[in-house]
Amino acid sequence: GSSGFTEVEKSMKKRYPFAAASAVALALLFAGCAGARVERVPTPAPTPTPAAFAMPAVPANTEESFQSYGTLTLEEQLKCHSIGRLVYTAAHSEPGADYYEAVRAYVIAYMAEGGVELPEGFTVSDDSGTALYFEGDAEGESAPAARFYVTDFNAAQNDRSVLASVLELESDYLSGEDFPRYIARAVLVPESPKSEEHFPFDADHDGSLDYAFRFYLPDVAYEESQSECYIVRLEDWRFVQERVTPEAWAAAKEGYASYGEAYAMRENVKKGVNLSALSLEHALSLETPYTGKGGKGVYTVKNLFLPTGETAALTIKYLYENGASRWELSLDAPGGALTGGFGAGAFYYETSVLCTDLTGDGGEEVILSVMPRDGGGAGGELHVFTARSGALEEILTICDGDPAEAQAKYAASYLVVPDGFTYADGTSAPGFQGVYTRATGISTAGFKLIRVTAERGGVIAQTYLWWNGDSFEIVRQKAIK
């Protein structure tokens, strides 16, 4: 189909047009000097202008054409494949002089239809293509749903200059990965020979892959280079090009990079790989007040980082009086003191503290996990604070047992841990809704997460939370026997 693809391919890459492994073969193929042919002197490269390029609305191949493929002429067979696949095959095999010449003539004619007159002696990149997969099959366990190619055409006198690029998407293979039913194509033409960078993303949020291209001057500072930028959308197996500003392209690139990082984070959590624990410190100084009657303790973090890059001193005071506990936070920031705090039930608590950047703004959040010393393993709480709007604002609260009064008291930050835990085999592990035992900081793929753990009956239930820009979101819940 023409939708349902996700951005699960390899991360964004800068493509240099001439792969060393195939330079000789491609030069022979496209410079017109294969075998005993006499090499011709390259003519000056023209300066192409942007041109729209139409693609047939019908599939490139059918079951019938696949069955009759062996009876077709060579020229007819070439039309069944993408240019990217033809170029790669020609560069990595020895199909013979007739095949080389047929491919060369086919490519020249095709580019001419797209508004690009290729000069003699032009060179072309080759690429094996990047396999894409349907959502739910990110690990590529089944055959590729599609393959993505970018083939660059370059002036012979400067193989790092791009005259034009063919963007192609193959899909719905009739035989393994070799015979696509659909081939979507577009010819992108910069206003002058330049290097090229691209990345895929969903520009119009329709669930189908789109692409962003930028042509820019090589060896010039990125932000100084005059460039041509395009967003190319796939609509009903046609590529629709839109010229955009460098600023719009850069914004799309930033969004794609963020998506790729978040995707890697989710995959790491799902697979349980590349996870580094950031253990909460057991703040012994906050235990000293316990005398059975009352008291107080103080814990200090001298260099807590703020989003501005400045540092501040954080002071946590713990008070236990008249059978109740209270924590008072004060952040001595350059712009003034920020305060916050919370209270808990009629227990004396042990406190664990971690300061780390959970929201990705460069500032460190304050994570406090409190557990009653004599609570029989029940009654623990998790409180997370951040410096915001002139105060230490609480942005996450989890309480063991999910008491109604706590939900009301911390309405803006309260999170009810749902009963969505499953074992590795997919079976559910019920009975852990609202159960809180401890928290751990987790670092992976550039993100900091919180792993909330509940234990009961020999089973460990874990909930991974990350800050999605607005609130904490559950990434994964799993149970371990």
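These numbers were taken from a predicted model, which means no experiment stands behind them. (Residues numbered from 1 in each chain as written. Predicted model: local features only at pLDDT ≥ 70, side-chain atom pairs only at ≥ 80, totals over all residues. Heavy atoms only, no water.)

K.L.:
Honestly, helix α6 (residues 246-271) in this entry has me stumped. Any pointers?
P.N.:
An α-helical turn contains 3.6 residues, so any two residues separated by three or four positions project in the same direction. With 26 residues, α6 extends 37 Å from end C-alpha to end C-alpha; this agrees with the ideal 38 Å at 1.5 Å per step. Every buried residue of α6 is listed here: Trp249, Ala252, Lys253, Tyr256, Ala262, Met265, Glu267, Asn268 and Val269. (Helix = DSSP H or I, 4+ residues; strand = E, 2+ residues; numbered from the N terminus. Expected span 1.5 Å × (residues − 1). Buried < 20%, exposed > 50% of the residue type's maximum accessible area, 1.4 Å probe, protein only.)

K.L.:
Please clarify how the packing of aromatic side chains should be interpreted in this entry.
P.N.:
The way to describe two aromatic rings as a pair is by their centre distance and the angle between their planes. Under the criterion given, the structure shown has 18 aromatic pairs. On the numbers, 5.3 Å between centres and 85 degrees between planes, the contact of Tyr69 with Phe179 is edge-to-face. Highlighted residues: Tyr69 in the loop between α2 (63-67) and α3 (74-78) and Phe179 in the loop between β5 (158-173) and β6 (180-188), separated in sequence by 110 residues. Residue Tyr69 is classed as partly exposed on the basis of its relative accessible area, which comes to 23%. We classify Phe179 as buried; its relative accessible area is 4%. On the numbers, 5.2 Å between centres and 65 degrees between planes, the contact of Phe199 with Trp249 is edge-to-face. (Phe/Tyr/Trp six-rings, centres within 6.5 Å; stacked < 30°, edge-to-face > 60°.)

K.L.:
Explain the packing of helix α4 (residues 83-92) against helix α5 (residues 97-113) to me, please; I cannot follow it from the model alone.
P.N.:
Between two packed helices, the angle of one axis relative to the other and the distance separating the axes together describe the packing. Two elements in contact, α4 and α5, have axes whose closest approach is 11 Å; the angle formed by their N-to-C orientations is 150 degrees. Here α4 is positioned roughly antiparallel relative to α5, judged by the angle of their axes. The element α4 and its partner α5 pack so that their crossing is left-handed. Residues Ile83, Leu86, Thr89 and Ala90 of α4 form the contact with α5, whose participating residues are Tyr99, Tyr100, Val103, Tyr106, Val107 and Tyr110. Among the residues making up the contact of α4 with α5, the classes are represented as 9 nonpolar, 1 polar and no charged. (Axes fitted to C-alpha atoms, helices over the stretch in contact; angles between N-to-C directions. Parallel < 35°, antiparallel > 145°, perpendicular 65-115°, else oblique. Left-handed = near helix turned anticlockwise from the far one by under 90°. Contact = heavy atoms within 4.5 Å. Nonpolar A, V, L, I, M, F, W, Y, C, P; charged D, E, K, R; others polar.)

K.L.:
Would you mind going over the pattern of salt bridges with me for this structure?
P.N.:
A side chain of one charge can pair with a side chain of the opposite charge when the charged atoms of the two come close. Counted according to the given criterion, the structure contains 13 salt bridges. As a salt-bridge pair, Glu170 and Arg85 come within 2.6 Å of each other at their nearest N and O atoms. With Glu170 in strand β5 and Arg85 in helix α4, this residue pair connects regions lying 85 residues apart in the sequence. The residues Glu170 and Arg85 share a single accessibility class, namely buried. Across the pair Glu197 and Lys253 runs a salt bridge whose closest N-O atoms are separated by 3.3 Å. Placement of Glu197 in strand β7 (residues 195-201) and of Lys253 in helix α6 is noted, with a sequence separation of 56 residues between them. In this structure, Glu197 and Lys253 share a single accessibility class: buried. (Salt bridge = Lys/Arg side-chain N within 4 Å of Asp/Glu carboxyl O.)

K.L.:
Which parts of the structure should I look at to understand the confidence of the model for the chain?
P.N.:
Low-confidence regions, as indicated by low pLDDT, have predicted coordinates that should not be scrutinised in detail. On average, residues of the chain score 80 in pLDDT, and 81% of them are at 70 or above. Long-range and interchain partners of residues 32-51, a stretch whose pLDDT sits below 50, account for 45 contacts in this model, where long-range means more than four residues apart. Low pLDDT, under 50, characterises residues 134-138; the stretch is placed with 11 contacts to residues that sit more than four places away or in other chains. (pLDDT = per-residue confidence, 0-100.)

K.L.:
Help me out: how do you make sense of the pairing of β7 in this one?
P.N.:
In the case of a regular strand, side chains alternate between the two sheet surfaces. The element β7 is extensively covered by neighbouring structure, given that 7 of its 7 residues are classed as buried. Where burial is concerned, the two faces of β7 agree: the one with Ser195, Glu197, Phe199 and Phe201 and the one with Glu196, His198 and Pro200 are both buried.

K.L.:
I'm lost on the sheet that holds strand β21 (residues 438-444) in this one. Help?
P.N.:
To summarise the sheet geometry, strands pair through backbone hydrogen bonds and adopt either a parallel or an antiparallel arrangement. What the 5 strands build is an open sheet, ordered β11-β21-β22-β23-β24; its pairing is antiparallel. Of all the strands in the sheet, just β11 (276-278) and β24 (472-480) have a single pairing partner and so form its edges. Within this sheet the neighbouring strands show an average axis-to-axis angle of 30 degrees, counted without direction. Relative to strand β22 (residues 447-456), β21 runs antiparallel, the two sharing 7 bridges. Counterpart to Arg438 in the pairing with β22 is Thr453. Together, β21, β22, β23 (459-467) and β24 form the strand contacts of α6, whose direction differs from that of β24 by roughly 20 degrees. (Pairing = 2+ DSSP bridges.)

K.L.:
Just to check I follow, could you spell out the pairing of β21 for this structure?
P.N.:
With respect to burial, β21 is a largely interior element, 5 of its 7 residues being buried. The pairing of β11 with β21 spans 3 bridges and is antiparallel. Within β21, the position partnered with Ser276 by the bridge is Ser443. Here β21 folds back onto β22, and the loop between the two strands holds 2 residues, one of which, Ala445, carries a positive phi near 50 degrees.

K.L.:
How should the side chain of Asn61 be read in this particular structure?
P.N.:
For Asn61, the position within the fold is in the loop between α1 (23-30) and α2. For Asn61, a relative accessible area of 1% corresponds to the buried category. Within the structure, Asn61 has its side chain in polar contact with the backbone oxygen of Cys80 (distance 3.0 Å). Sequence-distant contacts of Asn61, that is, excluding residues within four places in its chain, are made with Cys80, Leu174, Phe179, Pro180 and Arg181. (Polar contact = N/O pair within 3.5 Å; in protein donor to acceptor, adjacent residues only side chain to side chain.)

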